[in-house]
There are 2 protein chains.
Amino acid sequence: MNSTPRILEVRKNILKQNDEIAHTLRSRFEEAGVFVVNLVSSPGSGKTAFLESTLTRMRSEFRVAALVGDLATENDAQRLARSQVPVRQIITGTVCHLDAAMIESNLKDWNLAELDFLFIENVGNLVCPSSYDLGENLRVVLMSVTEGEDKPLKYPTIVNSADLAVITKTDLAGAVEFDWPAASKNLQAVRPGIQILRVSAKTGSGMDDWLQFITSQRRDVVEHLVWHS
Amino acid sequence: MNSTPRILEVRKNILKQNDEIAHTLRSRFEEAGVFVVNLVSSPGSGKTAFLESTLTRMRSEFRVAALVGDLATENDAQRLARSQVPVRQIITGTVCHLDAAMIESNLKDWNLAELDFLFIENVGNLVCPSSYDLGENLRVVLMSVTEGEDKPLKYPTIVNSADLAVITKTDLAGAVEFDWPAASKNLQAVRPGIQILRVSAKTGSGMDDWLQFITSQRRDVVEHLVWHS
């Protein structure tokens with residue numbers, strides 16, 4: 001189509017603007033000592049259940065909060081409010097991803113220095129969120145066993161932009177005859193060396209490994225800051 | 001962001017171009033007497049398994065073919081080839097939906113008059129495909145029981161653009177404690193009057209109802225054509 005080069009150019013400018021805001025956000029997060037996690041996945045892969053379980057388990061030991069993106073509804077914020085930590089819903093309308101400007105404006109009245117961890121639950125989409133840096137320390141791609149083992153090959157860009165893969169709903173792995181070696185092989189094919197965790201928010205299986213992973217990641221960042229200050 | 005109004009304007013032009021091509025396609029489909037079905041859903045909701053089962057069951061009685069869209073891989077075309085009907089893969093790269101121009105160029109060497117049904121499996125995405133008319137007769141939104149009952153509320157636009165909702169993987173409904181009344185209520189809330197079918201491609205449950213539905217829909221279209229010719 002004739003206008004494709006033009007939309008690509010406009011999109012490039014938007015991404016450049018996004019990167020600039022993300023850069024500012026990253027400095028603010030670092031200064032405040034808050035470790036920021038961006039959760040991306042397709043719709044219905046269990047991000048919210050995973051996040052609710054994470055927030056509930058962490059809140060006695062850490063100061064945690066969450067921003068959660070959706071095209072419509074406040075449902076996720078309401079579900080996450082059960083974890084009794086600060087949660088804010090971002091409604092994107094027809095936009096299929098969060099961007100750095102949305103994060104910035106929704107953090108305006110939050111004191112980041114009072115947080116140890118900030119979780120961002122992106123809009124359920126395996127394409128759009130991949131290009132939008134939100135200033136996060138860690139991008140986690142979630143894939144449920146019910147989606148099948150081939151998703152990394154079909155959506156390579158988002159897997160490529162992720163730091164960690166979490167396979168969710170492992171309690172259903174038997175029922176769907178999930179092929180673990182194939183899933184691992186496909187993830188490694190598009191993102192060699194990526195670490196893979198297996199969790200079930202329903203049974204709690206694997207949640208300890210996940211919490212250990214992010215707390216150790218945060219420790220590295222905070223120690224790095226102390227070292228350089 | 002400053003460029004948002006500009007990207008909206010460019011997008012509007014692209015959609016206008018798409019609608020013009022879709023309009024031409026629709027006339028061609030009508031003339032050829034082929035009934036076209038566009039399947040949309042999130043990644044991993046079971047479109048390919050559903051389509052493979054559909055093609056295999058139909059091929060003895062009807063002339064069927066399929067176009068299948070993905071960002072990357074020929075995997076789906078290879079899976080669907082087992083149904084022994086003509087199948088062509090469309091690779092979209094980073095584009096999160098099929099558009100009418102992609103359909104047009106991939107149909108170039110196919111004789112549409114030799115087909116009764118053409119199935120188009122869209123890219124797995126609950127946002128992007130909603131705005132792109134492909135000239136289809138019927139748009140079907142698929143949602144698996146493992147994705148949860150709230151998806152219609154969170155992705156209202158795509159449900160709103162659909163003619164039929166198909167709930168897939170019903171064999172797993174018990175394992176995930178799927179709430180049928182809630183799912184139905186949420187679908188009806190965003191698309192009042194939408195018909196809902198329940199299928200499991202694995203067990204075959206509900207497939208007869210689905211085949212009956214589309215064959216009767218095609219009959220209506222063909223009879224309408226005969227009546228007016």
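Draft legend 1. Representation of unusual backbone geometry in the model. One non-glycine residue, glutamine 84 of chain A, lies in the positive phi region at around 60 degrees. Turning to its location among the elements, glutamine 84 of chain A is positioned in the loop between helix 3 (75-81) and strand 3 (87-91). Unusually for a residue other than glycine, lysine 169 of chain B sits at a positive phi of about 55 degrees. Here lysine 169 of chain B shows up in the loop between strand 6 (164-168) and helix 7 (180-190).

Draft legend 2. Region of interest: the pairing of strand 4 (residues 117-121) of chain A. Residues and elements named next belong to chain A. Judged by how many residues are buried, strand 4 sits mostly within the fold: five of five residues are covered. Neither face of strand 4 is left uncovered, since the one carrying Phe117, Phe119 and Glu121 and the one carrying Leu118 and Ile120 both have all their residues buried. In the sheet, strand 1 (residues 35-41) pairs with strand 4 via five bridges, with the strands oriented parallel. Pairing of valine 36 across the sheet is with leucine 118, part of strand 4.

Draft legend 3. Structural context of the packing of aromatic side chains. This model, assessed by the stated rule, comprises ten aromatic pairs over all chains. Summarising the aromatic geometry, the rings of phenylalanine 62 of chain B and phenylalanine 117 of chain B are spaced 5.3 Å apart at their centres and angled 90 degrees between planes, so their arrangement reads as edge-to-face. Linking phenylalanine 62 of chain B in the loop between helix 2 (47-58) and strand 2 (64-70) with phenylalanine 117 of chain B in strand 4 (residues 117-121), this pair joins segments that are 55 residues apart in sequence. Both rings, one in phenylalanine 117 of chain B and one in phenylalanine 119 of chain B, keep their centres 6.1 Å apart while their planes meet at 15 degrees; by these two values the pair is stacked. Residues phenylalanine 117 of chain B and phenylalanine 119 of chain B agree in their burial class; the two are buried. By way of ring pairs, the aromatic residues Phe35, Phe62, Phe117 and Phe119 of chain A are connected into one cluster. The ring of tryptophan 180 of chain A has arginine 198 of chain A sitting right over it, with the charged end atom 3.8 Å from the ring centre. Of note, arginine 218 of chain B hangs over the ring of phenylalanine 117 of chain B, and the distance from its end group to the ring centre comes to 5.7 Å.

Definitions and limits used
- Residues numbered from 1 in each chain as written.
- Chains lettered and ligands numbered in written order.
- Predicted model: local features only at pLDDT ≥ 70, side-chain atom pairs only at ≥ 80, totals over all residues.
- Heavy atoms only, no water.
- Helix = DSSP H or I, 4+ residues; strand = E, 2+ residues; numbered from the N terminus.
- Buried < 20%, exposed > 50% of the residue type's maximum accessible area, 1.4 Å probe, protein only.
- Pairing = 2+ DSSP bridges.
- Phe/Tyr/Trp six-rings, centres within 6.5 Å; stacked < 30°, edge-to-face > 60°.
- Lys NZ or Arg CZ within 6 Å of the ring centre and 35° of its normal.

Any functional reading would require information beyond the geometric quantities listed.
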